[in-house]
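Working through the structure, step by step
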Amino acid sequence: MKKKLAFRLLAAFLIAALATAAAGLGLFDNLNSTLSDLIYQHPEGSDGQIVVIGMDQRATEEYGPMPWPRDIVADAVAILNSNPENAPAVIGVDVLYVGASADPEADKYFAEVCAEGGNVVVASAAGFGSEVVELEDSFYVDNGAVVSWDEPYPELKDATDAGHINAMADNDGIIRHGRLYIDTEKYGRVMSFSRVIYEKYCEYTGEAVKPAPEGESYYLSFTAEPRGYSESVSVLDIIEGNLNPSYFAGKIVLIGPYAPGMQDEYRTAVSHAKNMYGVEIQANAIDAFRKGFFPNEASRALQLAVLFILSFAAVLFFFNRKVLPSLLAWALSVALWLGICILLFNGGTILNVLWVPLFMTLIFIGSVAANYIRAAREKRKIQNTFGHYIDPEIMRRLIAQGSSALELGGKLYDIAVLFVDIRGFTTMSEALDPPAVVEIINKYLTLTTECIMKNHGTLDKFVGDCTMAFWNAPIAQEDAVYLACRAAMDMVEGSKKLGEELMERFGRTVSFGVGVNWGPAVVGNIGAPKRMDYTAIGDTVNTAARLEANAPGGKILISRAVADILGDRAVVTSLGDSIKLKGKAEGFEILTLNSLN
């Protein structure tokens with residue numbers, strides 16, 4: 001038992017360590033991110049306070065491909081701000097206007113319009129690359145260094161607020177995080193386009209600015225899916241006067257590319273299949289700042305420790321467990337983990353969704369497979385050990401017990417023991433040639449075996465021309481004594497037909513002497529691991545053998561214990577103590593079993 005426990009603990013430790021190492025190396029990070037998107041991202045839809053005005057296909061058909069002359073967007077801004085009392089709270093233009101254009105008048109006009117409105121935020125962007133950073137006595141390569149900076153041309157920069165529009169995709173190309181700021185050597189810390197717009201909106205409404213998330217990046221909980229902020233409003237609609245500008249009063253208005261092919265489309269956590277335009281990502285980031293909900297990922301080391309503990313426990317639990325309770329435990333553990341993930345996420349903590357369900361599933365499947373293989377091996381081992389001499393029904397019940405049935409050692413049972421031997425076989429074997437002797441003995445053994453199996457007995461052994469069997473072990477049987485005596489009667493009846501056949505073929509006949517006893521005996525696998533015999537030993541067995549040795553041909557001798565159990569179901573003749581058995585005191589009664597009802 002100690003060795004088995006030690007082996008189980010070692011296996012659990014190694015499997016848990018392997019699972020933890022695989023997770024820690026990031027082998028499942030992309031898959032986890034995809035599952036996390038399904039669990040954590042549940043957009044509720046925009047409240048209508050943010051409206052996207054698209055630089056869309058209709059507008060490009062009218063004004064040509066981008067970049068457009070700057071006076072086009074300037075006209076849209078001027079129209080939106082035409083009535084200061086009904087102007088938008090903030091107008092965010094998600095387009096880079098870097099350097100002077102070919103039309104200086106348009107540049108000047110755009111800057112003047114923005115200055116007049118006082119509510120415009122424009123875009124800037126960093127270019128990232130590798131840069132060698134020198135320290136006092138060493139250096140390192142910074143692969144995320146800001147190597148370039150695109151900012152609005154001077155007149156526009158002076159007339160507006162600006163924020164960076166750099167997207168932040170994960171390793172799998174999905175946007176799940178926003179970048180709150182970028183630190184630059186020349187301009188210091190530049191806040192994001194969305195944060196600048198949010199703070200400007202709070203200034204307009206008088207609302208308190210909610211704290212920004214800690215750190216440079218933050219988990220972006222999306223409010224709307226792709227096209228969730230669009231009301232099919234085009235820049236063309238604004239310029240041509242198709243909408244009353246007062247519709248946008250007090251709202252956040254975002255103007256940006258809104259058509260395929262403008263190189264501003266991204267896959268996001270809220271929708272892997274349908275791309276989201278950059279201006280829509282900005283809208284979701286603004287709404288995230290408005291809600292102030294920025295969950296943080298739990299310590300990776302702590303999550304790996306939890307994974308190790310749960311994997312270790314799972315291996316111990318699933319080991320050698322039946323399928324149904326294992327299946328229920330697996331389903332419950334996975335459901336419970338997902339519930340915990342959702343609960344903690346709502347409280348601001350992000351757990352790795354995949355690790356625990358994945359390894360619980362793998363351990364469950366592996367355990368079921370291992371248990372099946374183990375059960376098949378045990379079944380085969382039991383069949384190899386008992387299959388030739390145990391009744392099929394007893395075999396089925398033994399298989400249900402598993403490997404414990406094969407353990408060395410014995411147990412004390414009350415059993416019915418039967419011995420049967422051929423009378424006159426020695427004389428016959430001396431008179432016949434060896435093939436005939438073998439044929440006769442095989443017929444005899446076949447007959448006795450069939451009688452034992454028919455009556456659900458356990459065939460213990462053949463010793464020369466003697467057969468031993470017992471009942472009520474290794475499985476308790478109802479009316480074991482009657483079954484043993486029924487087998488004895490069948491043998492006596494069967495010997496008559498066999499004797500006639502032998503007389504006809506060989507001119508000689510045989511008869512059986514049978515002894516049956518009931519009492520306690522030690523039954524089990526006795527021997528060494530490489531050579532076991534499943535047998536019964538003890539005085540009850542010895543007495544049955546001596547009853548058989550004293551039984552005349554065609555007779556069945558039984559003990560008083562057997563006769564008492566049979567009761568009025570048997571016709572017996574008492575021989576008293578006329579036959580003396582070795583090792584038995586005076587008064588040991590022996591009876592002849594004549595018939596059974």
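Now for a description of the structure that goes with this document. (Residues numbered from 1 in each chain as written. Predicted model: local features only at pLDDT ≥ 70, side-chain atom pairs only at ≥ 80, totals over all residues. Heavy atoms only, no water.)

**So, the pairing of strand E22 (residues 555–559)**
Burial analysis of E22 places four of its five residues in the buried class, which makes it a mostly covered element. Bridge analysis of E22 against strand E24 (residues 590–596) gives three bridges, and the strand direction is antiparallel. Among the inter-strand pairings, Ser559 is bridged to a residue of E24, identified as Ile590. (Buried < 20%, exposed > 50% of the residue type's maximum accessible area, 1.4 Å probe, protein only. Helix = DSSP H or I, 4+ residues; strand = E, 2+ residues; numbered from the N terminus. Pairing = 2+ DSSP bridges.)

**Concerning the sheet that holds strand E13 (residues 265–268)**
A sheet is described by the order of its strands in space; here three strands give the open sequence E6-E13-E14, paired in mixed fashion. The open sheet has two edge strands, strand E6 (174–175) and strand E14 (271–277), and neither has a second partner. Along the sheet, helix H9 (residues 278–291) contacts E6, E13 and E14; its crossing angle with E14, the most-contacted strand, is approximately 95°. (Contact = heavy atoms within 4.5 Å. Axes fitted to C-alpha atoms, helices over the stretch in contact; angles between N-to-C directions.)

**Description of the packing of aromatic side chains**
Counted under the stated rule, the structure contains 19 aromatic pairs. Their ring planes at 90° and their centres at 5.5 Å tell us that Phe28 and Phe359 sit as a pair that is edge-to-face. One end of the pair, Phe28, is in the loop between helix H1 (2–24) and helix H2 (29–40); the other, Phe359, is in helix H12 (residues 355–386), with 331 residues separating them in the sequence. Residue Phe28 is classed as partly exposed on the basis of its relative accessible area, which comes to 21%. Among the residues examined, Phe359 registers a relative accessible area of 7% and is labelled buried. Residues Tyr97 and Phe110 carry aromatic rings whose centres are separated by 5.0 Å and whose planes lie at 80° to one another, so their mutual orientation is edge-to-face. You can see Tyr97 sitting in the loop between strand E2 (90–93) and helix H5 (104–117) and its partner Phe110 sitting in helix H5, a full 13 residues away along the chain. With respect to class, Tyr97 is no different from Phe110; both count as buried. Every member of this aromatic cluster is reached through a ring pair, and the members are Tyr40, Tyr219, Phe293 and Phe345. Cation over ring: Lys251 sits above Tyr247, and NZ or CZ is 4.0 Å from the ring centre. In this arrangement the basic side chain of Arg321 is found over the ring face of Phe317, its NZ or CZ atom lying 4.1 Å from the centre. (Phe/Tyr/Trp six-rings, centres within 6.5 Å; stacked < 30°, edge-to-face > 60°. Lys NZ or Arg CZ within 6 Å of the ring centre and 35° of its normal.)

**Digging into a nonpolar patch on the surface**
Judged by side-chain polarity, Val323, Leu324, Leu327 and Leu328 come together as a nonpolar surface patch covering roughly 380 Å² of accessible area. Summarising the element assignment, Val323 is placed in helix H11 (residues 323–346). (Patch = residues over 30% accessible without salt bridge, like charges linked within 9 Å, V, L, I, M, F, W, Y side chains within 5 Å. Areas by Shrake-Rupley, 256 points an atom, 1.4 Å probe, with all protein chains shown as cover. Salt bridge = Lys/Arg side-chain N within 4 Å of Asp/Glu carboxyl O.)

**Some details on the environment of Cys485**
Tracing the chain through its elements places Cys485 in helix H16 (residues 480–506). On a C-alpha basis, the gap between Cys485 and Ile556 in space is 8.6 Å, while along the polypeptide they are 71 residues apart. Other than its neighbours up to four places away in sequence, Cys485 contacts Val516, Val562, Leu566, Leu593 and Leu596.

**Considering the environment of Gln49**
Topologically, Gln49 is positioned in the loop between H2 and strand E1 (50–55). Sequence-wise, Gln49 and Ile239 are 190 residues apart; in three dimensions their C-alpha atoms are separated by 21 Å. Beyond its immediate sequence surroundings of up to four residues, Gln49 is in contact with Tyr201, Gly250, Lys251, Ile252 and Arg290. A polar contact is formed between the side chain of Gln49 and the backbone oxygen of Gly250, at a distance of 2.8 Å. (Polar contact = N/O pair within 3.5 Å; in protein donor to acceptor, adjacent residues only side chain to side chain.)

**Some thoughts on unusual backbone geometry**
The omega angle of the peptide bond from Met66 to Pro67 is 5°, so this bond is cis rather than trans. By the element assignment, Pro67 lies in the loop between helix H3 (57–63) and helix H4 (70–80). Each neighbour pair has its own omega, and for Ala473 with Pro474 the value is 5°, a cis peptide bond. Examined against the element boundaries, Pro474 turns out to sit in the loop between strand E19 (466–471) and H16. One non-glycine residue, Gln263, lies in the positive phi region at around 55°. Within the secondary structure, Gln263 sits in the loop between strand E12 (252–257) and E13.

**Let's talk about the environment of Ser559**
Relative to the helices and strands, Ser559 resides in strand E22. Considered as a pair, Ser559 and Ala544 are 15 residues apart in the sequence and their alpha carbons are 8.3 Å apart. Not counting residues within four places of it along the chain, the set of residues in contact with Ser559 comprises Val516, Asn517, Trp518, Leu547, Phe588, Glu589 and Leu591.

**Re the nonpolar core**
If you look at the biggest cluster of nonpolar residues, it comprises 46 residues, and the most contacted ones within it are Trp471, Val516 and Leu566. If one sorts the elements of this core by residue count, H16 sits on top with 13 residues. With residues near it in sequence (within four places) discarded, Val516 still touches Val417, Leu418, Ala484, Cys485, Ala488, Leu547, Ile556, Leu557, Ile558, Ser559 and Val562. Counting residues in hydrophobic clusters, the runner-up holds 31 residues, among them Met55, Leu80, Tyr97 and Leu156. (Core = buried A, V, L, I, M, F, W, Y, C linked by side-chain atoms within 4.5 Å.)

**Focus: the packing of helix H15 (residues 434–454) against H16**
Viewed as axis vectors pointing N to C, H15 and H16 meet at an angle of 155°, and their least axial separation amounts to 9 Å. In terms of their interaxial angle, H15 and H16 are classed as roughly antiparallel. As H15 runs across H16, the sense of the crossing is right-handed. In contact with Ala436, Glu439, Ile440, Lys443, Tyr444, Leu447, Thr448, Cys451, Ile452 and Lys454 of H15, H16 contributes Ala487, Asp490, Met491, Gly494, Ser495, Leu498, Glu501, Leu502, Arg505 and Phe506. Residues belonging to the contact of H15 with H16 are distributed by class as follows: eleven nonpolar, three polar and six charged. (Parallel < 35°, antiparallel > 145°, perpendicular 65-115°, else oblique. Left-handed = near helix turned anticlockwise from the far one by under 90°. Nonpolar A, V, L, I, M, F, W, Y, C, P; charged D, E, K, R; others polar.)

**Quick word on helix H10 (residues 300–318)**
For H10, with 19 residues, the first-to-last C-alpha span of 26 Å sits near the 27 Å given by 1.5 Å per residue. Inspection of H10 places Gln303, Leu304, Leu307, Ser311, Ala314, Val315 and Phe318 among the buried residues, and these make up the whole buried set. The buried residues of H10 occupy an angular sector of 105° when the element is viewed end-on, so they sit on one face. Pointing more than 90 degrees away from the buried face of H10 are the exposed residues Ala301, Leu302 and Ile309. Looking at the residues trailing H10, positive phi occurs at Asn320, about 60°. (Expected span 1.5 Å × (residues − 1). Arc of directions from axis to C-beta.)

**Comments concerning the pairing of strand E18 (residues 458–463)**
Strand residues, when the strand is regular, have side chains that alternate between the two faces of the sheet. Two elements, E18 and E19, share five bridges in a ladder whose sense is antiparallel. Among the inter-strand pairings, Lys461 is bridged to a residue of E19, identified as Met468. Where E18 folds back on E19, the antiparallel hairpin that results is connected by two residues, among which Gly464 adopts a positive phi of roughly 60°.

By themselves, these observations are geometric and do not establish any function.
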